[in-house]
Amino acid sequence: FRVDAAKEFYTGNTEKNIEVLSWLQTTAKSLKEDVYMVAEAIEKLPELYQELIMLRYADGYTNREIAVIMDFTVAKVDKILSRARKQLAVLLKEV
């Protein structure tokens, strides 16, 4: 994949390549800022919300798997994650 992407990138047109690199740098910086903003918001959540958010979205566990890990019902995991997402959305709107 990377070799193909590199071949597509190199057009032989230096001006175009500089334009693409500039766009990539700007986009990467913006994404990095967004990641930090979300991480900071997650840190403000109650510990249980943080743990379930991380299990679900960082570690990729399903709600059923989280229920087993945490010894909760699936319904309880669903409810906690729903509340955590709502609280996270509020925190992100404040930024």
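Only a predicted model underlies this, so the values are computations on that prediction, with no experimental measurement involved.

Chemist: Teacher, can you tell me more about the overall build of the chain here?
Modeler: The helix and strand inventory of the chain stands at 5 helices and 0 strands. Element order for the chain, N to C, with α for helix and β for strand: α-α-α-α-α. The proportion of buried residues among the 95 residues of the chain is 19%. When contacts within the chain are restricted to residue pairs at least 6 apart in sequence, those whose partners lie at least 24 apart make up 48%. With an accessible surface of roughly 7,600 Å², the chain has 56% of that area assigned to carbon and sulfur atoms.

Chemist: How should a positive patch on the surface be read in this particular structure?
Modeler: Residues Lys 79, Arg 83, Arg 85 and Lys 86 make up a contiguous surface patch of positive charge. With respect to the helices, strands and loops of the structure, Lys 79 is situated in helix α5 (residues 74-94).

Chemist: Honestly, the packing of aromatic side chains in this entry has me stumped. Any pointers?
Modeler: Any aromatic ring pair is given by two values, namely how distant the centres are and how the planes are angled relative to each other. The tally for this structure, following the rule as stated, stands at 0 aromatic pairs. Of note, Arg 56 hangs over the ring of Tyr 57, and the distance from its end group to the ring centre comes to 5.6 Å.

Conventions we followed
Residues numbered from 1 in each chain as written. Predicted model: local features only at pLDDT ≥ 70, side-chain atom pairs only at ≥ 80, totals over all residues. Heavy atoms only, no water. Helix = DSSP H or I, 4+ residues; strand = E, 2+ residues; numbered from the N terminus. Buried < 20%, exposed > 50% of the residue type's maximum accessible area, 1.4 Å probe, protein only. Contact = heavy atoms within 4.5 Å. Areas by Shrake-Rupley, 256 points an atom, 1.4 Å probe, with all protein chains shown as cover. Patch = residues over 30% accessible without salt bridge, like charges linked within 9 Å, V, L, I, M, F, W, Y side chains within 5 Å. Salt bridge = Lys/Arg side-chain N within 4 Å of Asp/Glu carboxyl O. Lys, Arg positive; Asp, Glu negative; His and termini not counted. Charge placed at Lys NZ, Arg CZ, Asp CG, Glu CD. Phe/Tyr/Trp six-rings, centres within 6.5 Å; stacked < 30°, edge-to-face > 60°. Lys NZ or Arg CZ within 6 Å of the ring centre and 35° of its normal.

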